[in-house]
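# Structural overview
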Amino acid sequence: MEKYIVGVDIGGTWIRVATCTSDLKEENIKLKTTRTLKENKFSIIHTVIQLMSELLSENGIDVNNIIGIGLASAGPIDLEKGELFNNVNLGFKVIPLRKPLEEKFPDIPIYLINDCNGAVLGVHYFEAEEDEKDNLVYVTISTGIGGGVICNGHLMLGKEGNAAEVGHVIVEPRSKITCNCGAHGCWEAYSSGTGVQLRALEAIKEEKLNAEVLLGIVNNDLYKITAKEVFQAAREGDILSQKVVDDCVFYTQIGTGAINNFYDSTSIYFGGAMMKDKEQIISPLIEQFKKNPIKFTINHPPKIKMTVLGDEVGLRGALALVKYKTENNPILL
Ligand SMILES: [Zn+2]
């Protein structure tokens, strides 16, 4: 009998569920995506169960042939309790995941992981080259900044499963800018999508730099400014936007340098919504690490790459998690 794996990726905006044959051949992945419902603390897991049930029936998969469900979610996640806590985007203090899923599918093993830790497994399984697999980092630059780290061939999880919160590395401790997490001067506060948007709005209020091009793009409607418009304006010569983008790049160099100092990585893969403007973020990063890495990292610089898995990287990670768990792969030991 063909065996199957189920993968789930829970994000602030989208929930993705996939089934695949246990060999994880890409062509056998079937997936469904829907918007994340935030009506009550059970909405998320109920959506997951709904999508999963649809996928199973549409593809004629018997529940008894599923070897595991991998659940990657925006964190923080408590792996032991099987729930999310303190998540700022999903809206509830505690969001139960494992228990309701277990009640619905009592005989299937369920494996949880924080989404960025999952994503690095996705890169590891589906994309990374042999020589980079043992020391590999994934960084997402999106609404926030997060990371997943494989060091010496092991996935770093931490005491509850939230190791590698790289976005909250403090790159400017005396900064007046408060991050979502409450600390001052986190990398995320400068270089994430929200960070770029807020820094641009602040700079406009200060009225020190010319923002004519940016304001033209949004017809003087400040509510229309997102990171996308800031990057576009920077390309079109807007002085204020260029300064915000320069800061975004500078702090990304600091953050990436810190990661390499901590983990001595072979390769660091980047992904996330901000990669639509990768030419403005990643190209200067590559350039810096090629020409003058010592300014940002004492260790030999890593290869800087972009994931080809796009939005699916977390979902792929959830699938890979089940495969590695059921094979007792040493990466998870
Ligand atoms: Zn922070």
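Keep in mind that what you see is a predicted model, and the values were worked out from it rather than measured. (Residues numbered from 1 in each chain as written. Predicted model: local features only at pLDDT ≥ 70, side-chain atom pairs only at ≥ 80, totals over all residues.)

## A look at helix α9 (residues 278-291)
Taking 1.5 Å per residue as the helical rise, α9 with its 14 residues ought to reach 20 Å, and the 19 Å between its terminal C-alpha atoms agrees with that figure. Within α9, burial applies to I281, I282, L285, Q288 and F289. For α9, the angular spread of the buried residues around the axis is 125 degrees, confining them to a single face. Those residues of α9 that are exposed and angled more than 90 degrees off the buried face are E279, S283, K290 and K291. (Helix = DSSP H or I, 4+ residues; strand = E, 2+ residues; numbered from the N terminus. Expected span 1.5 Å × (residues − 1). Buried ≥ 20, exposed ≤ 12 C-beta atoms within 10 Å, placed from the backbone. Arc of directions from axis to C-beta.)

## Remarks on the sheet that holds strand β11 (residues 154-155)
Strand pairing in a sheet is mediated by backbone hydrogen bonds. Such pairs are either parallel or antiparallel. In space, the five strands of this open sheet follow the order β11-β10-β9-β12-β13, with mixed pairing throughout. Here the strands that pair on one side only, and so sit at the sheet edges, are β11 and β13 (303-306). With four bridges joining them, strand β12 (residues 267-271) and β13 adopt parallel strand pairing. The partner of F270 across the bridge, within β13, is M306. The sheet contacts of α9 involve β12 and β13, and relative to β13 the element is tilted by about 165 degrees. (Pairing = 2+ DSSP bridges. Contact = placed C-beta atoms within 7 Å. Axes fitted to C-alpha atoms, helices over the stretch in contact; angles between N-to-C directions.)

## What to know about unusual backbone geometry
Here the phi dihedral of L24 falls at roughly 50 degrees; this positive angle occurs in a residue that is not glycine. By the element assignment, L24 lies in the loop between β2 (14-21) and β3 (30-35). Classification of L24 as partly exposed rests on a count of 17 C-beta atoms within 10 Å. The phi angle at N328 is positive, at roughly 55 degrees, despite the residue not being glycine. Following the sequence through the fold, N328 ends up in the segment after α10 (313-326).

## Examining the pairing of strand β4 (residues 66-73)
Residues in a regular strand point their side chains to alternate faces of the sheet. Of all eight residues making up β4, seven are buried, and the element is well covered by its neighbours. When strand β1 (residues 4-10) meets β4, the two strands line up parallel, connected through seven bridges. Following the sheet pairing, I10 is matched in β4 by S73. As defined by bridge partners, β4 adjoins strand β8 (residues 110-114) across five bridges and the pair is classed as parallel. Looking at β8, one finds that S73 is bridged to N114.

## A word on the environment of T178
Residue position: T178 is located in the loop between β11 and α4 (187-191). Look at T178 and you get exposed, because 12 C-beta atoms sit within 10 Å. Separated by 132 residues in sequence, T178 and G310 place their C-alpha atoms 29 Å apart.

## Observations regarding the domain arrangement of the protein chain
As far as domains go, the protein chain holds domain 1 (4-122 + 311-332) and domain 2 (130-306). The interface of domain 1 with domain 2 comprises 19 residues on the first partner and 20 residues on the second. At the level of secondary structure, the elements contributing two or more residues to the side of domain 1 that touches domain 2 comprise β5 (77-78), β8 and α3 (115-126). Sort the elements by how many residues they give to the side of domain 1 that touches domain 2 and α3 lands first, with six residues. (Domains from an automatic or database assignment.)

## Topic: the nonpolar core
In terms of nonpolar packing, the biggest core is built from 93 residues, with V8, V120, V123, V137 and V230 touching the most fellow members. Mapping this core onto the domain boundaries places at least three of its residues in each of domain 1 (4-122 + 311-332) and domain 2 (130-306). Aside from chain neighbours lying at most four places away, what touches V123 is A128, L136, Y138, Y269, T307, L309 and V313. (Core = buried A, V, L, I, M, F, W, Y, C linked by C-beta atoms within 7 Å.)

## Concerning the packing of helix α8 (residues 239-263) against α9
It is at 9 Å that the axes of α8 and α9 come closest, and there the two elements cross at 50 degrees. Between α8 and α9, the angle is such that the two are oblique. Crossing hand, α8 versus α9: right-handed. Every residue of α9 that contacts α8 at V245, C248, V249, T252, Q253 and T256 is listed here: Q280, I281, P284, L285 and Q288. A breakdown of the residues in the contact of α8 with α9 according to their chemical character gives six nonpolar, five polar and no charged. (Parallel < 35°, antiparallel > 145°, perpendicular 65-115°, else oblique. Left-handed = near helix turned anticlockwise from the far one by under 90°. Nonpolar A, V, L, I, M, F, W, Y, C, P; charged D, E, K, R; others polar.)

## What to know about the sheet that holds β8
Taken together, five strands build an open sheet; the order of strands is β3-β2-β1-β4-β8 and the sheet is mixed. Of all strands in the sheet, those bounded by a partner on one side alone are β3 and β8. Looking at each pair of strands side by side, their axes are set apart by 15 degrees on average, direction ignored. Against the sheet, α3 contacts β1, β4 and β8, and its axis sits at roughly 105 degrees relative to β8. Here α10 sits on the sheet in contact with β1, β2, β3, β4 and β8, set at roughly 135 degrees to β4.

## Some details on α10
Taking 1.5 Å of rise per residue, 14 residues should cover 20 Å, and α10 covers 20 Å from first to last C-alpha, within 8% of that figure. Of all the 14 residues making up α10, 12 are buried; the element is thus mostly covered by neighbouring parts of the structure. Within α10, burial applies to V313, G314, L315, R316, G317, A318, L319, A320, L321, V322, K323 and Y324. At the C-terminal side of α10, N328 shows a positive phi close to 55 degrees.

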